[in-house]
Amino acid sequence: MLKNNILISGTSSGLGKFLIKNLGGYKLSRKKKISFYKNKKWDLIIHNGFYREGDGNKALINSINLSYQISRFDSKKTIFISSMLIHDKKNQTLYVRSKKLCESFFKNKKNNYIIRLGSLVGKEMQKNTIYKVLFIKKPKITVSKKSKYSFISYDEVLKLILKIKKQNKIKKVNFYRDDFMSIEKISNIFNKNIKYGNFYFKSGKLKSSCKIDFIEIFKNKTSLNILNDLVKEINIKNNKK
């Protein structure tokens, strides 16, 4: 697809693991000195690795510092993977606020791009809330049954990155779907007996009906399509073991 002069962060699991497998390139290791990466000239940098809620203040500070450092690397293009949660004014968690801060490092720079995503799913995903709901027999989760999600697949993000690689005008992309699904609805569709929590979660949503500038790639998929595809993919993977 692309030449291998690519640097990708957060490759131990999830989207980063998927991208390194499909794009090739170099994994950013926090064990190496930052100068190892800073002194190189990159064709593309995808900054995907980030602090997760509950990782602690030290992890938060390290993540912010790493984002700042990466924003200063020499690259033809740098893509920062952000979240649609930054549009949710009610739930301003540390994760959301830190994403906003890190976005500021990449804004208004000629070669930098920001992708804000809905809830990501793929076979490389960690065993988070959605994984538990889909693949654990009697899952116990922290979010309430009214919590709502808008699903995006790893493959779609890859296609979006390839599109961004070929253009220079669009600096920010908000990518999510309008057909938000509640955990309760997902539970009913997949016939699950779930023990719910009290935290209400909802991916951020924009008032504009136009979410992304490359909508033609994704318009034929729904959030339920994405979940069904994921279940099939992971079942095939498990049957091969």
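Everything that follows concerns the structure shown earlier in this document.
Residues numbered from 1 in each chain as written. Predicted model: local features only at pLDDT ≥ 70, side-chain atom pairs only at ≥ 80, totals over all residues. Heavy atoms only, no water.

Novice: Before we move on, could you go through the packing of helix H1 (residues 14-23) against helix H6 (residues 154-165) and cite the residues and values that matter?
Specialist: At a minimum axis separation of 10 Å, H1 and H6 run at an interaxial angle of 60 degrees. As summarised for this structure, H1 and H6 are arranged oblique, according to the angle between their axes. In the packing of H1 onto H6, the handedness of the crossing is right-handed. Between H1 and H6, the contacting residues are Gly14, Leu15, Phe18, Leu19, Asn22 and Leu23 on the first element and Tyr154, Asp155, Val157, Leu158, Ile161 and Leu162 on the second. Residues that form the contact of H1 with H6 fall into these classes: nine nonpolar, two polar and one charged. (Axes fitted to C-alpha atoms, helices over the stretch in contact; angles between N-to-C directions. Helix = DSSP H or I, 4+ residues; strand = E, 2+ residues; numbered from the N terminus. Parallel < 35°, antiparallel > 145°, perpendicular 65-115°, else oblique. Left-handed = near helix turned anticlockwise from the far one by under 90°. Contact = heavy atoms within 4.5 Å. Nonpolar A, V, L, I, M, F, W, Y, C, P; charged D, E, K, R; others polar.)

Novice: Which residues make up the packing of aromatic side chains, and what values do they have?
Specialist: The geometry of two aromatic rings is summed up by the distance between their centres and the angle between their planes. For the structure shown, the criterion picks out nine aromatic pairs. Ring centres of Phe80 and Phe106 lie 4.8 Å apart, and the angle between their planes is 5 degrees; on these two criteria the pair is classed as stacked. With Phe80 in strand E4 (residues 74-83) and Phe106 in helix H4 (residues 94-106), the pair connects residues that are 26 residues apart, well separated along the chain. Assigned by exposure class, Phe80 and Phe106 land together as buried. (Phe/Tyr/Trp six-rings, centres within 6.5 Å; stacked < 30°, edge-to-face > 60°. Buried < 20%, exposed > 50% of the residue type's maximum accessible area, 1.4 Å probe, protein only.)

Novice: I'd love a proper account of the pairing of strand E3 (residues 41-47), names of residues and values included.
Specialist: With six of its seven residues buried, E3 lies for the most part within the structure. Two elements, strand E1 (residues 6-8) and E3, share three bridges in a ladder whose sense is parallel. Along E3, the bridge assignment pairs Ile8 with Ile46. (Pairing = 2+ DSSP bridges.)

Novice: Explain H6 residue by residue, including any values.
Specialist: The end-to-end C-alpha distance of H6 is 17 Å, a good match for the 16 Å that twelve residues give at a rise of 1.5 Å each. Within H6, burial applies to Tyr154, Glu156, Val157, Leu158, Leu160, Ile161 and Ile164. (Expected span 1.5 Å × (residues − 1).)

Novice: Any details on the side chain of Ser147? Residues and values, ideally.
Specialist: Take Ser147: it is sitting in the loop between helix H5 (129-135) and strand E7 (148-149). On the basis of relative accessibility, which here comes to 0%, the residue Ser147 falls in the buried class. At a separation of 3.3 Å, a polar atom in the side chain of Ser147 contacts the main-chain carbonyl oxygen of Phe199. Sequence-distant contacts of Ser147, that is, excluding residues within four places in its chain, are made with Met181, Ser182, Ile183, Phe199, Tyr200 and Phe201. (Polar contact = N/O pair within 3.5 Å; in protein donor to acceptor, adjacent residues only side chain to side chain.)

Novice: Please set out the environment of Arg97 residue by residue, giving values where relevant.
Specialist: Relative to the assigned elements, Arg97 resides in helix H4. Judged by its relative accessible area of 47%, Arg97 is partly exposed. Residues Arg97 and Lys192, 95 residues apart in the sequence, show an inter-C-alpha distance of 33 Å.

Novice: Talk me through unusual backbone geometry; I want residue IDs and the actual numbers.
Specialist: Generally, phi is negative for residues other than glycine and the peptide bonds are trans, each holding for most cases. Positive phi outside glycine occurs at Asn108, with the angle close to 60 degrees. Mapped onto the elements of the fold, Asn108 is located in the loop between H4 and strand E5 (112-117). Non-glycine residue Asn191 carries a positive phi angle of around 55 degrees. If you trace the backbone, Asn191 turns up in the loop between helix H7 (183-189) and helix H8 (223-239).

Novice: Please set out the pattern of salt bridges residue by residue, giving values where relevant.
Specialist: This model, assessed by the stated rule, comprises eight salt bridges. Residue Lys221 is joined to Asp229 by a salt bridge in which the shortest nitrogen-to-oxygen separation is 2.6 Å. Bridged by salt links that share partners, the residues Lys145, Lys146 and Glu184 form one connected network. (Salt bridge = Lys/Arg side-chain N within 4 Å of Asp/Glu carboxyl O.)

Novice: Lay out the nonpolar core with the relevant residues and their values.
Specialist: Among the nonpolar cores identified, the biggest contains 64 residues, and Leu19, Ile130, Phe151, Ile183 and Ile186 are the most heavily contacted of them. Considering each element in turn, this core owes the most residues, six residues, to H6. Those residues within four positions of Ile183 in sequence are excluded, and the remaining contacts are Thr129, Ile130, Val133, Ile141, Val143, Ser144, Lys145, Ser147, Tyr149, Ile194 and Tyr196. (Core = buried A, V, L, I, M, F, W, Y, C linked by side-chain atoms within 4.5 Å.)

Novice: A description of a positive patch on the surface should follow, citing residues and the corresponding values.
Specialist: A surface patch of positive charge is lined by Lys17, Lys27, Lys123 and Lys237. Tracing the sequence through the fold places Lys237 in helix H8. With a relative accessible area of 36%, Lys237 lands in the partly exposed category. (Patch = residues over 30% accessible without salt bridge, like charges linked within 9 Å, V, L, I, M, F, W, Y side chains within 5 Å. Areas by Shrake-Rupley, 256 points an atom, 1.4 Å probe, with all protein chains shown as cover. Lys, Arg positive; Asp, Glu negative; His and termini not counted. Charge placed at Lys NZ, Arg CZ, Asp CG, Glu CD.)

Novice: Account for the environment of Asn5, with residues named and values stated.
Specialist: By the element assignment, Asn5 lies in the segment before E1. Taking relative accessible area as the criterion, Asn5 reaches 24% and is therefore assigned partly exposed. Considering only alpha carbons, one finds Asn5 and Asp55, 50 residues apart in sequence, at a separation of 31 Å. Discounting residues that sit within four places of it in the chain, Asn5 has contacts with Lys41, Trp42, Asp43 and Leu44.

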